[in-house]
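Coordinate analysis (summary)
Residue-level listing of the chains:
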Amino acid sequence: MVHKTQGPRSLLPIIAVLGIIFFAVFLIMRSQSHTLSWYPEFPGPEWLQVPNVPKETTSRQRPCGIPKPCPEGDFSFLIASGAANVVGPKICMEDKMVMGYVEENVGYGINIAVVNGKTGEGMKTAFFNMYDGDIEPLVEFLESIENGSIVLIATYDDPATKLNEKARKLIRELGSSAIQSLGFRDNWVFVGGKGADVESTLEKHIKNNRDKNKYDSWPEMIELQGCLPRYLE
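Reading the values: rules and limits
- Residues numbered from 1 in each chain as written.
- Predicted model: local features only at pLDDT ≥ 70, side-chain atom pairs only at ≥ 80, totals over all residues.
- Heavy atoms only, no water.
- Core = buried A, V, L, I, M, F, W, Y, C linked by side-chain atoms within 4.5 Å.
- Buried < 20%, exposed > 50% of the residue type's maximum accessible area, 1.4 Å probe, protein only.
- Helix = DSSP H or I, 4+ residues; strand = E, 2+ residues; numbered from the N terminus.
- Contact = heavy atoms within 4.5 Å.
- Phe/Tyr/Trp six-rings, centres within 6.5 Å; stacked < 30°, edge-to-face > 60°.
- Lys NZ or Arg CZ within 6 Å of the ring centre and 35° of its normal.
- Arc of directions from axis to C-beta.
- 1 Å grid on protein atoms, 1.4 Å probe; cavity = no way out; pocket = protein on both sides within 12 Å on 5 of 7 lines; lining within 4 Å.
- Points joined across faces, edges and corners; volume = space filled by probe spheres on them.
- Nonpolar A, V, L, I, M, F, W, Y, C, P; charged D, E, K, R; others polar.
- Pairing = 2+ DSSP bridges.
- Axes fitted to C-alpha atoms, helices over the stretch in contact; angles between N-to-C directions.
- Disulfide = S-S within 2.5 Å.

**A short note on the nonpolar core**
Among the nonpolar cores identified, the biggest contains 25 residues, and I112, L138, L142, I153, L163 and W188 are the most heavily contacted of them. Elements represented by at least two residues in this core include exactly β4 (109-116), β5 (122-128), α2 (136-143), β6 (149-156), α3 (165-172) and β7 (187-194). When residues of this core are assigned to their parent elements, the largest contribution, four residues, is made by α2. Setting aside its immediate chain neighbours within four residues, L142 contacts I112, A167, L170, I171, L174 and K194. M93, A113, L152 and V189 belong to the second largest nonpolar core, which has 18 residues in total.

**Focus: unusual backbone geometry**
One non-glycine residue, A84, adopts positive backbone phi at about 55°. Among the structural elements, A84 can be located in the loop between β1 (74-80) and β2 (90-93). On the accessibility criterion, A84 (9% relative accessible area) is buried. The phi torsion at D157 lies on the positive side, around 70°, for a residue other than glycine. On the secondary structure map, D157 appears in the loop between β6 and α3.

**A short note on the packing of aromatic side chains**
What the rule picks out here adds up to three aromatic pairs. The residue whose ring lies beneath K124 is F141, and the NZ or CZ to ring-centre distance is 4.8 Å.

**Re α2**
Restricting attention to buried positions, one finds in α2 the residues L138, V139, F141 and L142. Viewed end-on, α2 has its buried residues packed into an arc of 165°, placing them on one side of the element. Tucked inside the fold, the buried residues of α2 contact β4, β5, α3 and β7.

**Here we look at the layout of surface pockets**
Within this model, the second largest pocket holds a volume of roughly 150 Å³. Class assignment for the residues of the lining of the second largest pocket results in three nonpolar, three polar and three charged.

**Examining the sheet that holds β5**
Read from one edge of the open sheet, five strands run β5-β4-β6-β7-β8, paired in antiparallel fashion. The sheet is open, and its two edges are formed by β5 and β8 (203-206), each paired on a single side. Shown here is a sheet whose adjacent strand axes are inclined to one another by a mean of 15°, direction ignored. In terms of strand pairing, β7 meets β8 through four bridges, oriented antiparallel. Counterpart to V189 in the pairing with β8 is K204. On the sheet, α2 packs against β4, β5 and β7 and is oriented at approximately 160° with respect to β5.

**Quick look at the sheet that holds strand β3 (residues 96-99)**
What the four strands build is an open sheet, ordered β3-β2-β1-β9; its pairing is antiparallel. In the strand order of this sheet, the two ends are held by β3 and β9 (223-229), each with one partner. The sheet shows a mean angle of 25° between the axes of neighbouring strands, taken without regard to direction. Note that β1 and β9 share seven bridges and pair antiparallel.

**Side note on the state of the cysteines**
Scanning all chains against the criterion turns up two disulfides. At a sulfur-sulfur separation of 2.0 Å, the disulfide partner of C70 is C227. Classification of the bridge connecting C70 and C227 rests on its S-S torsion, roughly -90°, and on that basis the disulfide is left-handed. With C70 in the loop between α1 (8-31) and β1 and C227 in strand β9, this pair connects stretches of sequence that are 157 residues apart. Given the relative accessible area of 16%, C70 is considered buried. Here the chain pairs its bonded cysteines, counted in sequence order, in the arrangement 1-3, 2-4.

Written out as structure tokens, the structure reads:
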């Protein structure tokens, strides 16, 4: 007796029936798409999840990352010193980068941003090499600051070797108390103003101390953030 084996043609009806069933299921699911979700209720792998972050708060659009807005009428600010002689400082107002590597306007020494105290708009920025640069451009810049200006300062690497008493006095008049003891490779951030009531507590200062430094010859990076009232004449 010879046994016959089923050939490919005998499987065609079965494949056709399965195809019809799958197509029918697809049509049913599509017709009920208003009640069905293609996503499971469980979170799933992290790489499949889409972060629920509003467009305006993404890191690309919020380069400063100021966590929350200030009360109405105040300006938010953030200042970060440089880290050693590798990572530059940044100065932000209203979550907008005023100075930083992204803006290509920071450098070694003392970095200064002058902002209109009424509108919060940036007026001018500059950096001054205090290791082997000239002190006179810094003195002239400080003397040119107008009344009603907010002044934000961040250091990078060495802020003090070329500082003289005249420059220290001009910065002290902006509200700083740490400027008198600022030394070689200290880290310092400051926010003050010209012609307004300024509290000297709006600054941070870390001395360069090899026994305590985070980066061998440099102290750790420091950051200062908060809210500033508008300047009122």
